[in-house]
Each structure stands twice: as C-alpha cells, then as structure tokens.
Amino acid sequence: MKIAITGATGLVGTELVNQLSKQGHEITPILRSSHNPFSTNEHIHWNPNEGIIEQDKLEGHDAVIHLAGESIDGRWTDEKKKRILSSRVAGTTLLSETIARLKNPPKVLLSASGISYYGNQEGDHAVDESSPVGSDFLTQVVVEWEKSTKPAEAAGVRVVYLRFGIVLSKEGGALAKMLTPFQIGVGGKIGNGKQMMSWIAIDDVAGIVAYLLKHDEISGPINMVAPNPVNNETFTKTLGEVLNRPTILPLTPSMLRLIFGEVADELLINGVKVLPTRLQETGYTFKFPDLKEALIHLLKK
C-alpha cells in the first residue's frame, strides 16, 4: 500500500515508518519541515496552523495515518491547554477536509485518539469501546479530535480512531522517563498505587496498525491497549524486578501536583482500566499481552 503519515518523526510514527516499510509498504511522511529525515523520495508539506497542505501529493494514497498533535507533556497553562486542543482539531480537520476533496481519496484514515475518552475511573472498574464518555479536560479534547474526522467519513472513507493507552518503548514516552530514577534505585509507586495503567508495547502498536490496514470491516474506535492492564503499584514492582532495582520511594500526589500542576491528576494520579475488546473480538493476537514479558523484551531491544 501507499501510506501517508503525519507525526512520522514522533515515537509511534518512527516505529510505524520502520515496520510498515519492512512489510513492503510505500511511506510518504507528511511534514511541517522542508527537510525529509527519511529515506523516502518525497514527502508532503503541511502547516495546520496556516491551513496549508500539498493536496495534489495526497492523491493516489491507499491509506493515511494521522498521529500529529501538540505534546501533552509540561505544565498545563491556559495557553498550553488551548494548543493541545487546537493542534488536534485544526490538523485533523485540515487533513479530513483535504481527503474529502480528493479525486481518488484513500480507502482508510487511521486517526490517533486516546483512552482519555473514558475519563478517570475509580478502582478496578473496566471500560471498553462500548463505554460512555468521561468528563475530564482530555476527554473533551478526544471528543473534539475524533469529531474532526467527519468530513473524511462523509466522503466514504473508512475512519478508525486509535485510542492510545500508555505506549511503552525505551526510546521515548513514559517508560523512557521512568528508566533513570528506577535504575538508580529511587523509583516508586505514585500515591497509593491503586490507579490503573492501561499500557501497550510499541511492537503491538505497529502490529495493530498493520492489522487494521488489512481489515476493511473495522471502523470507529479501537482501544490501543494490551489485554492485561495493571495498577501503578504492580507496574512499579514489575519494572523494579526486570531492572533488579528497589522500588521503595513513593511519590505523593502533593509532590506531583507541585511539579507538574493539573496534568498530574489526569495522567499520573488518576487512571482507567481499559480493555481492547474490539481487537480481541475481531481476532488480533497480541505479541505482548503481559507486562513482565513486554518489559523484558523492550529493555533488551
């Protein structure tokens, strides 16, 4: 297939470019910069803030994978929250409206989203794609983000929302940030450690995307999480075991709020137990369904 990808230089995008290229697909990165860091012959230039995209270069692609958006890392000032929302809505709207105008639109748009759709869930209560929407800030971001794909869907393009959980990779993201404190023996659970962590190995991210590209019958929300979520205490202990390091220094909620502000509650102190029901019902087989095996694999890569 000929596949265009936004956010191709990010953690997930880089993995997808590598893995999909190995499978024989032709990848066209959609980039803000005029410099193409990949070994592809061409790229598509865009600037969502200015409503710019090279529409003619999108013609003839079989699929588009949309991953781009403002990072949610950092302190959430009002301006930061505005950028988190607007970058996702503006970029997705521009891409979807452009796809809808093409003479030969792609058959499928895989658009990034998040499990923040479900909001914070107390305790061991599990949710899946059939569960109702939550009420947090990131929940509202996800709702507007997914809604922005409607122009492509109205044009007959199959749209899949990739509701990402915590993507585990030692190259970046949450796991990479945890490694240094854990390796020097100052890692520990967050708060009481009971908040759920719905995680996925980056290998399965690539596997699921390849699977979704092939399965024309799948559309709508897909939870990008492993089938065995764990609470923060279990995650902490398991990572300590794999690294052979102690995990005895907990971080209190008040410390986290002091360091990170509002983002601490939505991403670190609270949690949600999310299940990949639709993937399992349609027959996807996870490469790394269990946390310990996933961490051993990822940290030896």
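Above this text is the structure in question.
Given the structure is predicted, the values throughout are model-derived calculations rather than measurements.

Points about the overall build of the protein chain
Alright, step 1. Summing up its helical and strand segments, the protein chain has twelve helices and 14 strands in all.
Alright, step 2. Principal axes of the C-alpha set define a box for the protein chain whose edges measure 60 × 40 × 40 Å.
Alright, step 3. The buried share of the protein chain, taken over its 301 residues, is 52%.
Alright, step 4. Long-range pairs, those at least 24 residues apart, make up 76% of the contacts in the protein chain between residues at least 6 apart in sequence.
Alright, step 5. Carbon and sulfur atoms make up 52% of the accessible area of the protein chain, which totals about 13,600 Å².

Let's talk about the pairing of strand β6 (residues 108-114)
Alright, step 1. Here β6 lies mainly inside the structure; seven of its seven residues are buried.
Alright, step 2. Handedness of the β-α-β unit built from strand β5 (residues 63-66), helix α3 (residues 78-101) and β6 comes out right-handed.
Alright, step 3. Pairing geometry for β6 and strand β8 (residues 158-164), over seven bridges, is parallel. Across the sheet, the residue bridging to Val108 is Arg158, located in β8.

A word on the packing of helix α1 (residues 11-22) against helix α7 (residues 202-214)
Alright, step 1. One way to put it is that α1 packs onto α7 with a least axis distance of 10 Å and a crossing angle of 60 degrees. Overall, the two elements α1 and α7 adopt an arrangement that is oblique. Here the hand of the crossing between α1 and α7 comes out right-handed. Every residue of α7 that contacts α1 at Leu11, Val12, Glu15, Leu16, Gln19 and Leu20 is listed here: Ile202, Val205, Ala206, Val209, Ala210 and Leu213.
Alright, step 2. Residues of the contact of α1 with α7, tallied by class, amount to ten nonpolar, one polar and one charged.

Remarks on the side chain of Glu146
Alright, step 1. Looking at the secondary structure, you find Glu146 in helix α4 (residues 137-147).
Alright, step 2. Note on Glu146: relative accessible area 8%, which makes it buried.
Alright, step 3. Aside from chain neighbours lying at most four places away, what touches Glu146 is Ser113, Tyr117, Tyr161 and Arg163.

Observations regarding the environment of Thr252
Alright, step 1. Following the sequence through the fold, Thr252 ends up in the loop between α8 (232-243) and α9 (253-260).
Alright, step 2. In this structure Thr252 comes out as partly exposed when scored by relative accessible area, which is 34%.

Some details on the packing of aromatic side chains
Alright, step 1. On inspection of all chains with the given rule, the structure shows four aromatic pairs.
Alright, step 2. Where Tyr117 meets Tyr118, the ring centres are 5.2 Å apart and the plane angle is 80 degrees; that geometry is what we call edge-to-face. Per residue, the accessibility class of Tyr117 equals that of Tyr118, and both read buried.
Alright, step 3. Between the aromatic rings of Tyr211 and Tyr284, the centroid separation amounts to 5.4 Å while the plane-to-plane angle is 70 degrees, which identifies the pairing as edge-to-face. Within this pair, whereas Tyr211 is found in helix α7, its partner Tyr284 is found in the loop between α11 (277-282) and α12 (291-300), the two being separated by 73 residues in sequence.
Alright, step 4. Linked through ring pairs, Tyr211, Tyr284 and Phe286 together constitute an aromatic cluster.
Alright, step 5. Seen from the ring of Trp145, Arg88 lies directly overhead, with NZ or CZ sitting 4.8 Å from the centre.
Alright, step 6. Positioned above the aromatic ring of Tyr117, the side-chain terminus of Arg163 is 3.7 Å from the ring centre.

Topic: the pairing of β5
Alright, step 1. Neither face of β5 is left uncovered, since the one carrying Ala63 and Ile65 and the one carrying Val64 and His66 both have all their residues buried.
Alright, step 2. Both strand β1 (residues 2-6) and β5 contribute to a ladder of four bridges, which runs parallel. Paired with Thr6 across the two strands is His66, which belongs to β5.
Alright, step 3. As judged from the four bridges shared by β5 and β6, these two strands associate in the parallel manner. Of the residues in β6, the one forming a bridge with Val64 is Leu109.

Some thoughts on α1
Alright, step 1. Spanning twelve residues, α1 covers 17 Å between terminal C-alpha atoms, matching the ideal 16 Å at 1.5 Å per step.
Alright, step 2. If you check which residues of α1 are buried, you get Val12, Gly13, Glu15, Leu16, Val17 and Leu20.
Alright, step 3. In this fold, the buried residues of α1 make contact with β1, β2 (26-31), β5, β8, β9 (166-168) and α7.
Alright, step 4. Trailing α1 by a residue or two, Gly24 shows a phi angle of about 95 degrees, which is positive.

Cut-offs used in this document
- Residues numbered from 1 in each chain as written.
- Predicted model: local features only at pLDDT ≥ 70, side-chain atom pairs only at ≥ 80, totals over all residues.
- Heavy atoms only, no water.
- Helix = DSSP H or I, 4+ residues; strand = E, 2+ residues; numbered from the N terminus.
- Buried < 20%, exposed > 50% of the residue type's maximum accessible area, 1.4 Å probe, protein only.
- Contact = heavy atoms within 4.5 Å.
- Areas by Shrake-Rupley, 256 points an atom, 1.4 Å probe, with all protein chains shown as cover.
- Right-handed = clockwise from strand over helix to strand, strands pointing away.
- Pairing = 2+ DSSP bridges.
- Axes fitted to C-alpha atoms, helices over the stretch in contact; angles between N-to-C directions.
- Parallel < 35°, antiparallel > 145°, perpendicular 65-115°, else oblique.
- Left-handed = near helix turned anticlockwise from the far one by under 90°.
- Nonpolar A, V, L, I, M, F, W, Y, C, P; charged D, E, K, R; others polar.
- Phe/Tyr/Trp six-rings, centres within 6.5 Å; stacked < 30°, edge-to-face > 60°.
- Lys NZ or Arg CZ within 6 Å of the ring centre and 35° of its normal.
- Expected span 1.5 Å × (residues − 1).

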